[in-house]
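# Secondary and tertiary structure notes
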Amino acid sequence: MTEQLIELEVADGIATLWLNRPEKRNAMSDDMRTQFIAALEHVTYDKAIRALVLTGRGKGFCAGGDVAGMERRMQAPAGEVGFNGWSRQQRVHHTQSLLHTMPKPTIAAVNGAASGLGADTALACDFIIASDAASFTWSYIHRGIVPDGGGMYFLPRRVGLSKAKELIFSGRKVELEEALRLGITDRQSDAETLVADAQRWAAEMSKGSATALALGKTILNQSFELSAHQVFAQGSQAQGICYTSTEHRESVMAFLAKSSVKNGTTR
Ligand SMILES: CC(C)(COP(=O)(O)OP(=O)(O)OC[C@H]1O[C@@H](n2cnc3c(N)ncnc32)[C@H](O)[C@@H]1OP(=O)(O)O)[C@@H](O)C(=O)NCCC(=O)NCCSC(=O)/C=C1/CC=CC=CO1
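This one's a predicted model, so the numbers in the text were calculated from it and none came from an experiment.

## Description of the domain arrangement of the chain
Once the domains are mapped, the chain shows domain 1 (6-205) and domain 2 (210-263). Here domain 1 and domain 2 have C-alpha centroids that lie 30 Å from each other. Taken together, the contact pairs 12 residues of domain 1 with six residues of domain 2. Interface of domain 1 and domain 2: buried area, both sides summed, is about 660 Å²; carbon and sulfur atoms make up 46% of it.

## Some thoughts on the sheet that holds strand β8 (residues 173-175)
Ordered by their spatial adjacency, three strands build an open sheet running β5-β7-β8, and the pairing between neighbours is mixed. The open sheet terminates on both sides in strands that have one partner only, identified here as β5 (113-115) and β8. Between one strand axis and the next, the sheet turns by 20° as a mean value, whatever way the strands run. Of the strand pairs in this sheet, strand β7 (residues 135-137) and β8 are connected by three bridges, and their pairing is antiparallel. When the bridges of β8 are listed, Thr137 appears paired with Lys173. Of the strands in this sheet, β5 and β7 are in contact with helix α4 (residues 117-124), which crosses β5 at around 100°.

## Some words on the environment of Asp66
Checked against the element boundaries, Asp66 lands in the loop between β3 (51-56) and α2 (67-75). A residue is classified by how much of its surface remains accessible, and Asp66, at 11% relative accessible area, is buried. Residues in contact with Asp66, not counting those within four places in the same chain, are Arg21, Ala27, Met28 and Ser29. Engagement of the side chain of Asp66 in a polar contact is seen with the side chain of Arg21, the distance being 2.6 Å. A distance of 2.9 Å separates a polar side-chain atom of Asp66 from the backbone nitrogen of Ala68.

## Topic: the pairing of strand β4 (residues 106-110)
Most of β4 is tucked away, with five of its five residues classed as buried. Going residue by residue along β4, you find Thr106, Ala108 and Val110 tucked away on one face and Ile107 and Ala109 tucked away on the opposite face as well. Inspection of the sheet shows β3 paired to β4 by three bridges, in the parallel sense. From the neighbouring strand, Leu52 faces β4, where its bridge partner is Thr106. Pairing of β4 with strand β6 (residues 127-130) involves four bridges; the strand directions are parallel. Within the sheet, the bridge partner assigned to Ala109 lies in β6 and is Ile129.

## Remarks on the site of the ligand
In the vicinity of the ligand lie 21 residues, with Lys24, Arg25, Gly65, Leu117 and Arg143 positioned nearest. Between Arg25 and the ligand, the recorded distance is 2.8 Å, taken from a side-chain N or O atom to an oxygen atom. Separating a nitrogen atom of the ligand from a backbone N or O atom of Ala63 is a distance of 2.9 Å. Tallying contributions element by element places α2 first for the shell around the ligand, with three residues. For the shell around the ligand, the class distribution of residues is eight nonpolar, five polar and eight charged.

## A short note on the confidence of the model for the chain
Residue-level pLDDT values for the chain average 94, and 95% of them are 70 or greater. In the predicted complex, the global pTM is 0.94; the interface-specific ipTM is 0.98.

## Focus: the sheet that holds strand β1 (residues 6-11)
The strands making up a sheet are joined through hydrogen bonds of the backbone, oriented either antiparallel or parallel. Spatial ordering of the open sheet is given by β1-β2-β3-β4-β6-β9, a layout of six strands whose pairing is mixed. Of all the strands in the sheet, the pair left with one neighbour each is β1 and β9 (187-188). Sheet topology places β1 next to strand β2 (residues 14-19); six bridges connect them, and they run antiparallel. Looking at β2, one finds that Glu7 is bridged to Trp18.

## Some points on the packing of α4 against helix α5 (residues 151-159)
Contact pair α4 / α5: the axes reach a minimum separation of 9 Å and the direction vectors enclose 60°. Relative to α5, the element α4 is oriented oblique. The chirality of how α4 crosses α5 is left-handed. For the pair α4 and α5, contact is made by Asp120, Leu123 and Ala124 and by Gly151, Phe154, Leu155 and Arg158, respectively. By residue class, the composition of the contact of α4 with α5 is four nonpolar, one polar and two charged.

## Quick look at the environment of Asp31
Looking at where Asp31 falls in the secondary structure, it is placed in helix α1 (residues 30-45). Judged by its relative accessible area of 52%, Asp31 is exposed. Distance from Asp31 to Pro147, taken between C-alpha atoms, is 21 Å for residues 116 residues apart in sequence.

Reading the values: rules and limits
Residues numbered from 1 in each chain as written. Predicted model: local features only at pLDDT ≥ 70, side-chain atom pairs only at ≥ 80, totals over all residues. Heavy atoms only, no water. Domains from an automatic or database assignment. Contact = heavy atoms within 4.5 Å. Buried area = accessible area lost by both parts, 1.4 Å probe. Pairing = 2+ DSSP bridges. Helix = DSSP H or I, 4+ residues; strand = E, 2+ residues; numbered from the N terminus. Axes fitted to C-alpha atoms, helices over the stretch in contact; angles between N-to-C directions. Buried < 20%, exposed > 50% of the residue type's maximum accessible area, 1.4 Å probe, protein only. Polar contact = N/O pair within 3.5 Å; in protein donor to acceptor, adjacent residues only side chain to side chain. Near = heavy atom within 4 Å. Nonpolar A, V, L, I, M, F, W, Y, C, P; charged D, E, K, R; others polar. pLDDT = per-residue confidence, 0-100. Parallel < 35°, antiparallel > 145°, perpendicular 65-115°, else oblique. Left-handed = near helix turned anticlockwise from the far one by under 90°.

In structure tokens form, the structure reads like this:
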């Protein structure tokens, strides 16, 4: 039987995805990545799911890429890629890109160590909430590699270029208090209530129009690379789509109906 390395629960439109390899602090093995991709694609395309919470089982959030797998790869013949021609790099990029671009809010609920690719995986989410047990370590440097999970894109945007360089070059551990101060994590929570708090936050973040949320997220994700003029233009285009949406029509009608009841007028 296939080991269930990813667990997905959906309740009230909020998906909670658990990395489930607690004995290895949820280090991302190739098998886990295969299941992770399938679950993320499901969450991305299922319109009944409005938001995602990502967390880890046990003591860790995610200890990064599986170091035992790195050792196996060093033994493999040069040029071997596997996975139907898809290299590991492409599969890593796919997971990080799904988290970053899926048209609904994503929240990392960091319950323990987020190291290497695990730290980048938290950063790829829109928001981070963390418990006292959380820590963030860009440990790639200790394995002689660079952050390939998006850390070199996301971290400077959260902490500034110089601090990102310091954290990535040193690979030092950042505990909760510093993570809050630097803006690596947005919120803090108790370990016991972390996931419930994240789920509640996800519900708050996703109760608005799904169309407006999806379009807004896409433009915001690009906003640091676009000019003001381009952002205005994309905003106008997006508004054209929002104007034709059921959510826009219904919310306008509901507002006006409430106002006419209050004022005793009929429309
Ligand atoms: C700080 C830690 C994450 C957690 O510390 P602690 O809670 O004290 O737990 P440990 O006793 O150290 O570990 C428990 C068991 O888990 C195994 N384990 C931990 N991390 C990994 C890992 N990344 N890969 C494989 N196995 C892991 C550990 O060996 C223990 O197993 P046993 O009980 O059987 O001995 C701490 O564990 C830690 O610092 N881990 C290493 C962090 C790390 O170096 N991560 C990789 C960074 S590089 C990366 O993420 C990117 C890539 C990209 C390229 C290719 C492939 C992979 O990664």
